[in-house]
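# Descriptive structure summary
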Amino acid sequence: NCGVISWPLPTVQRKLKSELGYALSRLEGNNGNIEQYGSAELGIGFDTMSERLSPEQVDAIGLAIDRIYSGRGFILVDETGIGKGRTIASVAAWGARLGKRIIFLTDRANLFPDLGRDLIDIGEWERFRPLITNSDGKILDSMGNGEEISQPLTASELRRAMEMEPKELPAN
């Protein structure tokens, strides 16, 4: 998407260009300008969004949200450093804002701090905090003094939380 925010930096493999172009054209045809759609769905202003997210992330967020609304899945695959974490954090915060239960599964506990950093970077840490399910997972404040800002629940706390209805869970 060479939209309003800025020019995209990565290149798209030749065999994926037509599929990506089709998906983005379909998204824009159904929802209007992708940046405006993303801004409205995320509940943040356009200028704020352009400060927090790259054009590729905005496109991926728009595509993911559109697929979720249609009851379909979305697979996010990209090169290292493109910002999959910020995309995931943005879509998770969007879903939480809509009252959806968000499940972030990983086999590597080091991805919890990455998710926390991305939530902080996009300004969503106060609105949405992950429920850590790995017993060895915790989130350190990488932007501040490195203190622990989120830790895993005990086994009994996790069991209780998983049985709760979304409206019974703490606000964020």
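## As for helix 6 (residues 111-121)
Taken as a whole, helix 6 has its buried residues at F112, L115, G116, D118 and L119. Mapping the buried residues of helix 6 onto a view down its axis gives an arc of 165°, with all of them on the same face. Directly beyond the C-terminal end of helix 6, a positive phi value near 75° is found at G123.

## Section: the nonpolar core
Ranked by size, the top nonpolar core spans 23 residues in total, and within it L42, M49, L53, I61, I65 and L119 carry the most contacts. Among the secondary structure elements, those contributing two or more residues to this core are helix 1 (14-31), helix 2 (34-42), helix 4 (55-69), helix 5 (84-97) and helix 6.

## Comments concerning the packing of helix 5 against helix 6
It is the contact of helix 5 with helix 6, at a shortest axis distance of 9 Å, that shows an interaxial angle of 70°. As judged from the angle between their axes, helix 5 and helix 6 are roughly perpendicular. Contacts from G85, R86 and A89 of helix 5 reach helix 6 at L115, D118, L119 and D121. Taken together, the residues of the contact of helix 5 with helix 6 sort by class into three nonpolar, one polar and three charged.

## Points about the packing of aromatic side chains
Here the structure, examined in full by the defined rule, presents one aromatic pair. Geometrically, the ring pair formed by Y69 and W94 is edge-to-face, given 5.4 Å between the ring centres and 90° between the ring planes. Within this pair, whereas Y69 is found in helix 4, its partner W94 is found in helix 5, the two being separated by 25 residues in sequence. Overall, the relative accessible area of 2% leaves W94 in the buried class.

## Topic: the environment of E124
Checked against the element boundaries, E124 lands in the loop between helix 6 and strand 1 (139-140). By relative accessible area, E124 is classed as buried at 6%. Considering only alpha carbons, one finds E124 and A92, 32 residues apart in sequence, at a separation of 9.7 Å.

## Focus on the pattern of salt bridges
Enumeration over the complete set of coordinates arrives at four salt bridges. Measuring nitrogen to oxygen at the nearest pair gives 3.1 Å for the salt bridge that ties D66 to R26. On the criterion of sequence distance, the pair formed by D66 in helix 4 and R26 in helix 1 is long-range, its members being 40 residues apart. Classification of D66 by relative accessible area gives buried; the value is 10%. With a relative accessible area of 32%, R26 lands in the partly exposed category. In this structure, R117 engages D118 in a salt bridge whose closest nitrogen and oxygen atoms are separated by 3.5 Å. Judged by its relative accessible area of 31%, R117 is partly exposed. We classify D118 as buried; its relative accessible area is 6%. What you see here is one network of salt bridges that share partners, running through D114, R117 and D118.

Thresholds applied
Per chain, the residues get numbers from 1 upward, laid out in the order the sequence is written. Per-residue local features of the predicted model are confined to residues with pLDDT of at least 70, and side-chain atom pairs are confined, for both listing and counting, to 80 or more; whole-chain, interface and lining totals are unaffected and use all residues. Only hydrogens and water are removed before side-chain values are computed, so all heavy atoms of the structure are retained for them. Exposed residues in this analysis have more than 50% of their type's maximum accessible area, buried residues have under 20%, and partly exposed residues fall in between, with area computed by a 1.4 Å probe over protein chains only. A run of H or I in DSSP counts as a helix once it spans at least four residues, and a run of E counts as a strand once it spans at least two, with each numbered from the N terminus. This arc corresponds to the set of directions leading from the helix axis out to the C-beta atoms. Each nonpolar core is a collection of buried residues, namely Ala, Val, Leu, Ile, Met, Phe, Trp, Tyr and Cys, held together in the definition by side-chain atoms within 4.5 Å. Axes here refer to lines fitted to C-alpha atoms; in helices the fit is confined to the stretch in contact. Angles between the N-to-C directions go from 0 to 180 degrees. Here the word oblique covers every angle except those under 35 degrees (roughly parallel), over 145 (roughly antiparallel) and from 65 to 115 (roughly perpendicular). Throughout, a residue-residue contact means that at least one pair of heavy atoms, one from each residue, lies within 4.5 Å. Under this grouping Gly is polar, as are all residues other than the nonpolar Ala, Val, Leu, Ile, Met, Phe, Trp, Tyr, Cys and Pro and the charged Asp, Glu, Lys and Arg. Two rings from Phe, Tyr or Trp (for Trp, the six-membered ring) form a pair when their centres are within 6.5 Å of each other. A pair whose planes differ by under 30 degrees is stacked, one over 60 is edge-to-face, and the rest are tilted. Within this document, salt bridges are pairs made up of a side-chain nitrogen of Lys or Arg and a carboxyl oxygen of Asp or Glu, the two lying within 4 Å of each other.

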